[in-house]
Amino acid sequence: MDLRAPEPRGGPAVTRGRILIDDVVKIYDPEGAAVMAVDHCSLDIAAGEICMIVGPSGCGKTTLLNAIAGFHDITSGTILLDGEVLCSKDKPKAEPGPDRIVVFQNGALFPWKTNLDNVVFGPVMQGKLGRREAVDKGRAMMADAGLAGVELNYPGEVSSGMRRRVEIVRALMNDPKVLLLDEPYRALDSLTKSVMHEALLEIYYRNKVTIFFITHDLEEAIFLGHKVAIMTTRPCKPKKVLTVDIPHPRDYGVLTSKRFRELIEETNDAVHEEALKAFQAGEKEG
Amino acid sequence: MPDALAQPRGPTDRAQPEEMSRLGLTMYRLSLWLQSPRPYLMVVGFALFLGFWYLAVEVWRLPRFKEMPGITTVIKEWLSPNPTYGLSFHTAEYYQHIGMSIWRVAQAFFLATVLGVPFGLFLGWSRKFKEYVFPVFELLRPIPILAWVPLAIVMFIATESAIVFLAFLASFFATALNTMLGVESLDESYTRAASCLGAGKWQVFRHVILPGALPFIFTGLQISIGVSWFSLVAAEMVSGQYGLGYVINTSYMMVRYPTIVIGMITLGFVGYATSALVRIAGDYLMEWRVRELALAER
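Structural notes, computed from the coordinates.

Quick notes on the rules
Residues numbered from 1 in each chain as written. Chains lettered and ligands numbered in written order. Predicted model: local features only at pLDDT ≥ 70, side-chain atom pairs only at ≥ 80, totals over all residues. Axes fitted to C-alpha atoms, helices over the stretch in contact; angles between N-to-C directions. Helix = DSSP H or I, 4+ residues; strand = E, 2+ residues; numbered from the N terminus. Parallel < 35°, antiparallel > 145°, perpendicular 65-115°, else oblique. Left-handed = near helix turned anticlockwise from the far one by under 90°. Contact = placed C-beta atoms within 7 Å. Core = buried A, V, L, I, M, F, W, Y, C linked by C-beta atoms within 7 Å. Buried ≥ 20, exposed ≤ 12 C-beta atoms within 10 Å, placed from the backbone. Pairing = 2+ DSSP bridges.

**Re the packing of helix H2 (residues 115-126) of chain A against helix H4 (residues 160-172) of chain A**
Residues and elements named next belong to chain A.
Phase 1: At their nearest, the axes of H2 and H4 sit 7 Å apart, and the two run at 25° to each other. Here H2 lies roughly parallel to H4, going by the angle between them. In the packing of H2 onto H4, the handedness of the crossing is right-handed. Of H4, the residues touching H2 (which contributes Asn115, Asn118, Val119, Phe121 and Gly122) are Val166, Val169 and Arg170.

In structure tokens form, the structure reads like this:
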């Protein structure tokens, strides 16, 4: 497996944000019937890498994300962030914190706060920045992400694509090591989605962080990722890990390139097989 | 059906009332209302209701209705400087009764809100607290307010406090229950997002739980002010001097039928006005919600 950090273009190499998932098991025990959600899963995500986790809905990939974020405990195994233990058998639940920020499936901007107040929430709550500095930084970052003009609107007043961008800016305000994205674009129509992919890459090229991105869309995965991990359906573990050798920066031209098509063909069967398994098992969404 | 739930919530790319002030927003909503057929339908609805009252009592003299005071009698009495039964727009006593009832409801509603909201927040926030308290709460809640009357009179020697207590009790249950539901129905991702962003427990409470529960809290307050009037009038009918419930009850005993109807209609208006005040307070505190509704043209 290639563990080198991807070479960012024109910026310093990313040195933080390496996630090492080592032999993680998660067993849910609802009503005594043990359900294995994650089965001896190991995955090494290099610092500054975009790692796409692909699998059918309900395969257990969100469980993995919840373990890294610190929302749920694990049964055994270890997850390390830059060599430090996030969670292990002895300390099954990680502490949520601003070094690992989640962007939620249905969005979790606070609808009662303006976009700007959402963006400054992290640094102000942590006491890292005074309100004024936070507001200055927030406005600048929003402008960079093409969000100038909606600072004082409430999230409910802007388009869903904009809401996603605000949420990513809110995360980046904290200078996180890792962004954890849980199918952030599944609710968007395909046109908005394509715009959002380029916008995400643009933000990424400017703020290199490790991205752990869950999706069930193979094209999205190969278009965005340095690495694509195709997961088996419940219990979840990597079935195939693919290194996408299409150089960054990428734009939508990639989608029609020969290499892109080849990679899709190479992996399509594996994904389809798992989707079929999930369908036959009648898995619920999750 | 998570896919359906995952649809974008608001309308896309349409940020119309974005730069509006609060007043501007209110005017915008008012103009929407006036442009819609709703106000005219409302007038028609009132006309039908009052017309039926007039016809049923005074023209057709339907059985059951012919003993009722007719609309013309009531209005004449209400507007008369020298009312036959002693209560009209022109008598000071009329306003004393209204004032007394409002004062009692205000006390009861204030107490119920000040105690019920924190209580409900705590019920929703702490599972342990809920396990201790909620079963008792659920057992007391269905007891009709009228069943509390004797106990209230025993507990409070002064009738005045007993009446306020009864009005408070019903309000308190409604407020606390809705507040609790508000906390419980808050999407988990909001609290998770806040903890990701480094907010402490108290900060999550202050910036996420409380504002997130606010729509439910105000639904509770709407119900609360309604049941507060309901139980107040019941209490005033049982004991007490002054108040609209007292007016209705004594007028019944002294066969002053038009005054009963005056008391009832007055209750309708005053009750509506107090709920409107609660709604306005809610709109003021939840501008974000008003804007979302305005965008949805509601």
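**Let's talk about unusual backbone geometry**
Residues and elements named next belong to chain A.
Phase 1: Geometrically, the link from His248 to Pro249 is a cis peptide bond, its omega value of -5° lying close to zero.
Phase 2: Looking at the element boundaries, Pro249 is found in the loop between strand E10 (238-243) and helix H7 (258-281).
Phase 3: Notably, Asp82 is not glycine yet its phi reads approximately 50°, a positive angle.
Phase 4: A positive phi angle is found at Asp175, which is not glycine, with a value near 55°.
Phase 5: If you trace the backbone, Asp175 turns up in the loop between H4 and strand E7 (178-182).

**Topic: the nonpolar core**
Phase 1: Judged by nonpolar contacts, the single largest core of 145 residues is most densely connected at Ile68(A) and Phe212(A).
Phase 2: Filtering out sequence-adjacent residues up to four positions away, Phe212(A) remains in contact with Ile19(A), Ile45(A), Cys51(A), Ile53(A), Leu65(A), Ile68(A), Val178(A), Leu180(A) and Leu181(A).

**Concerning the pairing of strand E6 (residues 100-103) of chain A**
All names here are of chain A.
Phase 1: The alternating pattern of E6 places Arg100 and Val102 and Ile101 and Val103 on opposite faces, both of which are buried.
Phase 2: When E6 meets E7, the two strands line up parallel, connected through four bridges. Across the sheet, the residue bridging to Val103 is Leu181, located in E7.

Read these as geometric descriptors, not functional statements.
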